[in-house]
Amino acid sequence: VGRLAGRTQKMDAAVEFYMKAMEKRRELQGQLADELAKQLVVAKRYQQAIDVLKKAVSEPVFPGGADGERVKLELYIWLVRAQELAGKTHDSLASIHEAEKIDSDDPELHYWEAWVYSHSHQWNEAIKRYEELSKKYAVNHKGFVRQCQFSLSNCYVQQDRKSVV
């Protein structure tokens with residue numbers, strides 16, 4: 001019901017549905033927060049997404065253990081994205097550091113950290129991060145490395161464009 005409401009642009013109804021569902025079904029809170037936050041980001045309702053995600057990462061996530069930690073890490077990644085899209089770069093980077101407490105070796109987390117730097121036009125830092133990721137994961141994560149190289153190329157183009165203007 002919540003997804004359908006979101007797809008039909010009835011975001012207020014979707015938010016209401018998801019909030020009630022999260023209250024009633026605590027064991028599904030992580031999944032429901034993830035679904036709602038994605039819809040809010042797509043609808044460019046970043047602050048609402050941030051509020052939902054902050055609440056979700058501050059509470060225990062079911063299931064427990066490694067599976068729950070993975071869910072929480074995914075919620076942090078969406079929080080990072082929503083914060084940066086809302087223009088809150090400092091908060092976004094702080095959320096990265098919180099997420100690193102869960103898994104500091106997660107390549108996706110570090111990809112989004114590099115993305116925050118590129119989105120905030122901190123080209124040198126973004127380039128440095130994407131290059132490090134490309135080298136670190138060159139052997140076992142070829143698709144991931146391609147994504148980093150594509151983003152790295154974009155940084156060089158954007159950086160060059162800024163120097164010409």
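Look a little higher up for the structure.
A. Representation of the overall build of the protein chain in the model. Per the secondary structure count, the protein chain includes 9 helices and 0 strands. Principal-axis analysis of the C-alpha atoms places the extent of the protein chain at approximately 50 × 40 × 25 Å. Sorting the 165 residues of the protein chain into buried and exposed places 44% on the buried side. Within the protein chain, residue pairs in contact and separated by at least 24 positions form 52% of the contacts whose partners lie at least 6 positions apart. With an accessible surface of roughly 9,400 Å², the protein chain has 53% of that area assigned to carbon and sulfur atoms. Counting 25 positive and 24 negative side-chain charges, the protein chain places the averaged centre of each group 5 Å from the other.

B. View of helix α2 (residues 11–24). In this model α2 runs 20 Å from its N-terminal to its C-terminal C-alpha over 14 residues, within 8% of the 20 Å that 1.5 Å per residue would give. All buried positions along α2 are accounted for by M11, A14, V15, Y18, A21 and M22. The arc enclosing the buried residues of α2, seen along the axis, measures out at 135°, which places them on a common side. Turned more than 90 degrees away from the buried face of α2, the exposed residues are D12, E23 and K24.

C. Highlighting the pattern of salt bridges. With the rule as written, the count across this model stands at 13 salt bridges. Put simply, E125 and K128 hold a salt bridge, and the shortest N to O gap is 3.7 Å. Of this pair, E125 and K128 are both found in helix α8 (residues 123–136), 3 residues apart, which corresponds to roughly one turn of the helix. Judged by relative accessible area, E125 falls into the partly exposed class, the value being 23%. Between R129 and E125 there is a salt bridge; the shortest N-O distance is 2.7 Å. In this pair, R129 and E125 are both assigned in helix α8, 4 residues apart and thus about one turn of the helix distant. Connected through salt bridges with shared partners, the residues R70, E74, D106 and E108 form a single ionic network.

D. Broad picture of the side chain of S118. Relative to the assigned elements, S118 resides in helix α7 (residues 107–119). S118 has contacts with W123, A126, Y130 and C155, leaving out every residue within four places of it along the chain.

E. Molecular detail of the packing of helix α4 (residues 46–58) against helix α5 (residues 65–85). α5 packs onto α4 with a crossing angle of 150° between their chain directions and a minimal axis gap of 9 Å. Considered as vectors, α4 and α5 are oriented roughly antiparallel to each other. For the pair α4 and α5, the crossing hand works out as left-handed. Along the contact surface, α4 presents Y46, A49, I50, L53, K54, A56 and V57, while α5 presents K72, L75, Y76, W78, L79, A82, Q83 and L85. Residue composition of the contact of α4 with α5, by class: 12 nonpolar, 1 polar and 2 charged.

F. Summary view of the environment of E35. Relative to the assigned elements, E35 resides in helix α3 (residues 29–42). Judged by its relative accessible area of 15%, E35 falls in the buried class. Placed 40 residues apart in sequence, E35 and L75 show a C-alpha to C-alpha distance of 9.9 Å. Within the structure, the side chain of E35 is placed 2.9 Å from the side chain of Y18, a separation counted as a polar contact.

G. Molecular detail of the packing of aromatic side chains. Going through the model one piece at a time under the given rule, you end up with 6 aromatic pairs. Taking the centre distance of 5.3 Å and the plane angle of 85° together, the rings of Y111 and W112 count as edge-to-face. For the pair shown, Y111 and W112 are each scored as buried. Measuring from centroid to centroid gives 5.3 Å for W112 and W115, while their planes differ by 75°, and the two rings are edge-to-face.

Rules and cut-offs
Residues numbered from 1 in each chain as written. Predicted model: local features only at pLDDT ≥ 70, side-chain atom pairs only at ≥ 80, totals over all residues. Heavy atoms only, no water. Helix = DSSP H or I, 4+ residues; strand = E, 2+ residues; numbered from the N terminus. Buried < 20%, exposed > 50% of the residue type's maximum accessible area, 1.4 Å probe, protein only. Contact = heavy atoms within 4.5 Å. Areas by Shrake-Rupley, 256 points an atom, 1.4 Å probe, with all protein chains shown as cover. Lys, Arg positive; Asp, Glu negative; His and termini not counted. Charge placed at Lys NZ, Arg CZ, Asp CG, Glu CD. Expected span 1.5 Å × (residues − 1). Arc of directions from axis to C-beta. Salt bridge = Lys/Arg side-chain N within 4 Å of Asp/Glu carboxyl O. Axes fitted to C-alpha atoms, helices over the stretch in contact; angles between N-to-C directions. Parallel < 35°, antiparallel > 145°, perpendicular 65-115°, else oblique. Left-handed = near helix turned anticlockwise from the far one by under 90°. Nonpolar A, V, L, I, M, F, W, Y, C, P; charged D, E, K, R; others polar. Polar contact = N/O pair within 3.5 Å; in protein donor to acceptor, adjacent residues only side chain to side chain. Phe/Tyr/Trp six-rings, centres within 6.5 Å; stacked < 30°, edge-to-face > 60°.

These figures come from the coordinates and say nothing about function on their own.
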